[in-house]
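Single-letter residue listing:
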Amino acid sequence: MTHRPLMTRRSALTGLGAALLAAPAILRPRPALAALTGRPFAQPDLFEGVQTGGRRVFDLAVAPGRHEFLAGVETETIGINTGFLGPILSVRSGDPLRMNVANRLAEPMTLHWHGMHLPAAADGGPHQEIAPGATWFPEWDLRQKAGTFWFHGHQHHKTAAHVWAGMAGVIRVSDDEEEALPLPRTHGVDDFTLILQDRRFDAAGQMPYAPDMHDRMAGMLGDVMLVNGQSEPVLETDTPRIRLRLLNGANGTFYRLHFADGRAFHQIASDGGLLAAPVPLADLTLAPGERAELILDLADGAATQLLAEAWGAEVQMMGSAGIRTVMDIRPRRALPAAPALPERLAELPPIPERTGETRRFKLAMSGMGMMGDFLINDAQYDHGRIDFSVPLGTVETWIWQNTTPMIHPIHIHDVQFRIVKRNGQPPAPHEAGLKDTVIVNPGEQVSLRLAFTDYADPVLPYMYHCHILEHEDAGMMGQFTVV
Ligand code: C2O
Ligand code: CU
Ligand code: CU
């Protein structure tokens, strides 16, 4: 893997200074592009929508935008109500929702609500295409537990390009159960949302989506680490404990998150909401599409950094792409320690018994040459083919077998599932909660239990796919109906 890190600001200045000394004045070199680091940590605004006609209504306009990632350079992007990414939609369990999604791009797009249990017609997958200039307005009632969800483009063959350009945002769900707990939850004070991504820039500071053959295999990795579109921002804090809501919004990069001083933290939530109990960890790997909420204690007043070791789907052959700084965390002072975390967080019902089918999914690559196709059960995605139908009201087991030498994070629409077994063993505690995206490593077999409740549609399907967006666009996706 050739990852050429952009120069940091300091090395760029040194390089420029050295070049000016060495070169005749007339050959004044252009300064190298440098990531804009060291700014105060910023996060998207909370957006509560407006109450109209008995629904909480969100107006979302997807449009070409601009954003300053590199000092002094305006990079062309796609944004949702803003220049890059979108607002944090703040919603409450039980809310009747309506989304007005306006497509102000010159090409068709969709917007998918990742992790949401909703009717297929509202899902925003490849079957809910929005023409340029048109507005799509799905409605559904929010049936989720409190947690961190997200939304992103899902146009077939364009998902990777659209997300790369910035078509993504976070959905923050609250409920009574979560609010009864003594946890940090004040946005911007002790509760912070982090959209983790990385991007690659060209010599002009633009970030065209132009994957080469290797990127299509390994996933499109960038060399500039971003959190909410910023490089290495500084978060100054005034509280003894903070909550970090993390989304891996990268196209194809896995992040092993940990702190520079090795401090431990607790994971309190996975994709679909709170875990049964806080899980103490020293590091946590998030695949593209996964979310986690962490609690970090800062009462000692010591500064630290959130670091991410980054790698692509081919890590077992190619190794990791190195450790990057996500952000600096600087408590303004030492404080008395926060009280102990609650021992129990949420009522996690036992994994439901299977009442319906057991289905098997084999992840494979055809032709082990350079341009293998990515396959599920020997087939590529076909927009006109429904792979199977699930009877409404049944509980199924889905067994995923990875026969490729790459990691595939498998995502299933409509349901929050439970992991029953990974290679015959029960899941680790931080994977034992509600999930919608699960890592399936090379050679692994992962067995899931899924309950299909509430919504049936004889025609419109839901998707299941690898969340490495290059793999998804290459056809590692299938579709099912609930009938
Ligand atoms: Cu996050 Cu089918 O998507
Ligand atoms: Cu999804
Ligand atoms: Cu994959």
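(A) Representation of the side chain of Gln479 within the structure. With respect to the element layout, Gln479 can be found in strand 32 (residues 477–482). At 3.1 Å, the side chain of Gln479 forms a polar contact with the backbone oxygen of His383.

(B) The arrangement of the sheet that holds strand 10 (residues 147–153) in detail. Spatial strand order, 1-5-11-10-7: five strands in an open sheet with mixed pairing. The open sheet has two free edges, formed respectively by strand 1 (46–47) and strand 7 (111–114), since each of these has just one partner strand. Here strand 5 (residues 88–92) pairs with strand 11 (residues 168–174) via four bridges, running parallel. Among the inter-strand pairings, Ser90 is bridged to a residue of strand 11, identified as Arg172.

(C) Main features of the domain arrangement of the protein. The domain architecture assigned to the protein consists of domain 1 (46–175), domain 2 (183–331) and domain 3 (358–482). Taken over C-alpha atoms, the centre of domain 2 sits 24 Å from the centre of domain 3. Taken residue by residue, the interface counts 32 residues in domain 2 and 24 residues in domain 3. When domain 2 packs against domain 3, close to 2300 Å² is buried across both sides, 63% of that on carbon and sulfur atoms. The tally of links between domain 2 and domain 3 comes to three salt bridges. Seen at the junction of domain 2 and domain 3, the total is 15 residue pairs in polar contact (both at pLDDT 80 or more). Every element with two or more residues in the side of domain 2 that touches domain 3 is listed here: helix 4 (213–218), strand 17 (265–270), strand 18 (273–281), strand 19 (284–286) and helix 5 (315–318). The residue inventory of the side of domain 2 that touches domain 3, partitioned by class, reads 15 nonpolar, eleven polar and six charged.

(D) Up close: the coordination of the copper ion (ligand 2). Looking at the copper ion (ligand 2), one finds its protein donor set to be His112 (NE2) and His411 (NE2), positioned 1.9 Å from the metal centre. In this pair, His112 is assigned in strand 7 and His411 in strand 27 (residues 408–412), connecting sequence segments 299 residues apart. Accessibility assignment for this pair places His112 and His411 in one class, buried.

(E) Seen up close, the layout of surface pockets. Computed from the structure, the second largest pocket encloses a volume of approximately 390 Å³. Looking at the lining of the second largest pocket residue by residue, the classes come out as seven nonpolar, six polar and six charged. Split by domain, the lining of the second largest pocket shows at least three residues from each of two domains, domain 1 (46–175) and domain 3 (358–482).

(F) Quick peek at the environment of Gln230. On the secondary structure map, Gln230 appears in the loop between strand 13 (224–227) and strand 14 (234–237). Gln230 gets classed as buried once you look at its relative accessible area, which sits at 6%. The sequence separation of Gln230 and Phe69 amounts to 161 residues, and the corresponding C-alpha distance is 6.4 Å. The residues touching Gln230, leaving out its near neighbours within four places in the chain, are Arg39, Pro40, Phe41, Ala42 and Met225. Separated by 2.8 Å, the side chain of Gln230 and the backbone nitrogen of Ala42 make a polar contact.

(G) Local environment of the pattern of salt bridges. Going through the model one piece at a time under the given rule, you end up with 35 salt bridges. Between Arg245 and Glu293 there is a salt bridge; the shortest N-O distance is 3.4 Å. On the criterion of sequence distance, the pair formed by Arg245 in strand 15 (residues 241–248) and Glu293 in strand 20 (residues 291–297) is long-range, its members being 48 residues apart. Exposure class is identical for Arg245 and Glu293. Each is buried. A salt bridge links Arg359 to Glu396; its shortest N-O distance comes to 2.6 Å. Of this pair, Arg359 sits in strand 23 (residues 358–365) while Glu396 sits in strand 26 (residues 395–402), and the two are 37 residues apart along the sequence. Overall, Arg359 belongs to the buried group, its relative accessible area being 14%. Judged by its relative accessible area of 0%, Glu396 is buried. Through salt bridges with shared partners, a single network forms among Arg172, Glu178, Arg185, Asp191, Arg243, Arg245 and Glu293.

(H) Region of interest: the nonpolar core. Within the largest apolar cluster, 38 residues are counted, with the highest numbers of intra-cluster contacts made by Trp398, Trp400, Ile412, Leu448, Tyr464 and Phe480. Looking at this core, you find at least three residues from each of domain 2 (183–331) and domain 3 (358–482). Not counting residues up to four positions away in its chain, the partners in contact with Leu448 are Glu396, Thr397, Trp398, Trp400, Ile412, Phe417, Arg418, Ile419, Val420 and Val438.

(I) Molecular detail of the coordination of the copper ion (ligand 3). Around the copper ion (ligand 3), the protein supplies His408 (ND1), Cys466 (SG) and His471 (ND1) as donor atoms, at distances of 2.0 to 2.1 Å. Within one chain, the residues serving as donors to the copper ion (ligand 3) are arranged as H-x57-C-x4-H. Here His471 lies in helix 6 (residues 469–473) and His408 lies in strand 27, a separation of 63 residues in the sequence. As far as burial versus exposure is concerned, His408 and His471 are alike and both buried.

(J) Molecular detail of the sheet that holds strand 21 (residues 304–311). Here five strands make up an open sheet; going across it, the order is 14-22-21-16-19 and the pairing mixed. The sheet is open, and its two edges are formed by strand 14 and strand 19, each paired on a single side. Averaged over all pairs of adjacent strands, the angle between strand axes in this sheet comes to 25°, irrespective of strand direction. Note: strand 21 against strand 22 (residues 322–331), seven bridges, orientation antiparallel. Residue pairing for strand 22: Leu306 is matched across the bridge by Met327.

(K) Representation of the environment of Leu194. In this fold, Leu194 is placed in strand 12 (residues 191–199). Among the residues examined, Leu194 registers a relative accessible area of 0% and is labelled buried. Placed 112 residues apart in sequence, Leu194 and Thr82 show a C-alpha to C-alpha distance of 17 Å.

The rules behind the values
- Residues numbered from 1 in each chain as written.
- Chains lettered and ligands numbered in written order.
- Predicted model: local features only at pLDDT ≥ 70, side-chain atom pairs only at ≥ 80, totals over all residues.
- Heavy atoms only, no water.
- Helix = DSSP H or I, 4+ residues; strand = E, 2+ residues; numbered from the N terminus.
- Polar contact = N/O pair within 3.5 Å; in protein donor to acceptor, adjacent residues only side chain to side chain.
- Pairing = 2+ DSSP bridges.
- Domains from an automatic or database assignment.
- Contact = heavy atoms within 4.5 Å.
- Buried area = accessible area lost by both parts, 1.4 Å probe.
- Salt bridge = Lys/Arg side-chain N within 4 Å of Asp/Glu carboxyl O.
- Nonpolar A, V, L, I, M, F, W, Y, C, P; charged D, E, K, R; others polar.
- Donors = N, O, S within 2.8 Å, 3.2 Å for Na, K, Ca; no water.
- Buried < 20%, exposed > 50% of the residue type's maximum accessible area, 1.4 Å probe, protein only.
- 1 Å grid on protein atoms, 1.4 Å probe; cavity = no way out; pocket = protein on both sides within 12 Å on 5 of 7 lines; lining within 4 Å.
- Points joined across faces, edges and corners; volume = space filled by probe spheres on them.
- Core = buried A, V, L, I, M, F, W, Y, C linked by side-chain atoms within 4.5 Å.
- Axes fitted to C-alpha atoms, helices over the stretch in contact; angles between N-to-C directions.

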